[in-house]
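Remarks on the overall topology
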Amino acid sequence: MIADNGMSRRTMLVKLGFLLNGIVGVFLAVPIVRYLLSPVIRERKTGFESWLSLGGLEQFPAGQTRLATYHNPVVNAWDGQTGDVACWVRNVDDQNFQVFAINCAHLGCPVRWFPQSNLFMCPCHGGAYYQDGSRASGPPERGLFQYAYKIANGALLIKAGEMPTPGQPVAETAGTRTTCA
Ligand code: FES
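Residues numbered from 1 in each chain as written. Predicted model: local features only at pLDDT ≥ 70, side-chain atom pairs only at ≥ 80, totals over all residues.

**Structural notes on the sheet that holds strand β3 (residues 84-91)**
Note the cut-off: The criterion for strand pairing is that DSSP finds at least two bridges linking the strands in question. Put simply, DSSP H or I for four residues or longer makes a helix, DSSP E for two residues or longer makes a strand, and each gets a number counted from the N terminus. Interaxial angles span 0 to 180 degrees and are taken between N-to-C directions of axes, which are lines fitted to C-alpha atoms, for helices over the stretch in contact.
Here we have 3 strands laid out as an open sheet, ordered β2-β3-β4, and antiparallel in their pairing. Every interior strand has two partners, whereas the edge strands, β2 (65-71) and β4 (97-101), have only one. The mean angle between the axes of side-by-side strands here comes to 35°, regardless of whether they run parallel or antiparallel. As judged from the 5 bridges shared by β3 and β4, these two strands associate in the antiparallel manner. Each bridged residue has a counterpart across the sheet, and for V89 the counterpart in β4 is V99.

Structure follows, in structure tokens:
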């Protein structure tokens, strides 16, 4: 009887040990599995839903360049305001737009628009760009990166999940309008 109780106690402790190890194992495995699956999850997030509105067209008067902000679709919930990304919107003629990444093509400092001189200026090393985003002077070797855009229901949308890369020349990214049915 005593031996039976001893065995059952030992068996119970072994089972409890397995159970606790299992729980700890699950807690350790969840972040690892999430990390391994993150490319798939991220791809799903940035798919069709990556078209984001910058606001109504009335916010971007013809012939002017205005600052706009969107919330990055590939951030985590706890990223807060760091997920807000600024960009420059140029309304060329009410039919055609250009949406520029705010980051300088040299080392990424945020560029500012100066309507007095019709130039984007970079405060870091003096890079300058014309109003169409092409390089004017300074260290940048190319023009500003641009987002693909489309107009739908009176709003300007950009494809925020697909940032242009330095590998794309200006000619390929300029006028990347997508017509919307
Ligand atoms: S980061 Fe803009 S000129 Fe260097």
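**Brief notes about the environment of F114**
Threshold: Exposed residues have 12 or fewer other C-beta atoms within 10 Å of their own C-beta, buried residues have 20 or more, and partly exposed residues fall in between, where C-beta atoms are placed from the backbone. With C-beta atoms placed from the backbone, a contact is any residue pair whose C-beta atoms sit within 7 Å.
Assignment of secondary structure puts F114 in strand β5 (residues 112-114). Looking at F114, the number of C-beta atoms within 10 Å reads 13, which means it is partly exposed. For the pair F114 and Q131, spaced 17 residues apart in sequence, the C-alpha separation works out to 9.2 Å. Residues within four places of F114 in sequence aside, it is in contact with L119 and M121.

**Considerations on the nonpolar core**
In plain terms, the rule: Core membership is restricted to buried Ala, Val, Leu, Ile, Met, Phe, Trp, Tyr and Cys residues, and these are joined into a nonpolar core through C-beta atoms within 7 Å.
Core analysis: the largest hydrophobic core is formed by 24 residues, its most contacted members being C87, V89, V99 and L144. It is β4 that contributes the most residues to this core, 4 residues altogether. Setting aside its immediate chain neighbours within four residues, V89 contacts L54, F60, T65, R66, A68, F97, V99 and L156.

**Some words on the pairing of strand β10 (residues 155-159)**
As paired elements, strand β1 (residues 51-56) and β10 share 5 bridges and run antiparallel to each other. By the bridge assignment, L52 is partnered in β10 with I158. The pairing of strand β9 (residues 149-152) with β10 spans 4 bridges and is classified as antiparallel. When the bridges of β10 are listed, K150 appears paired with L157. A loop of 2 residues connects β9 with β10, the two strands running antiparallel in sequence, and N153 in this loop sits at a positive phi of about 55°.

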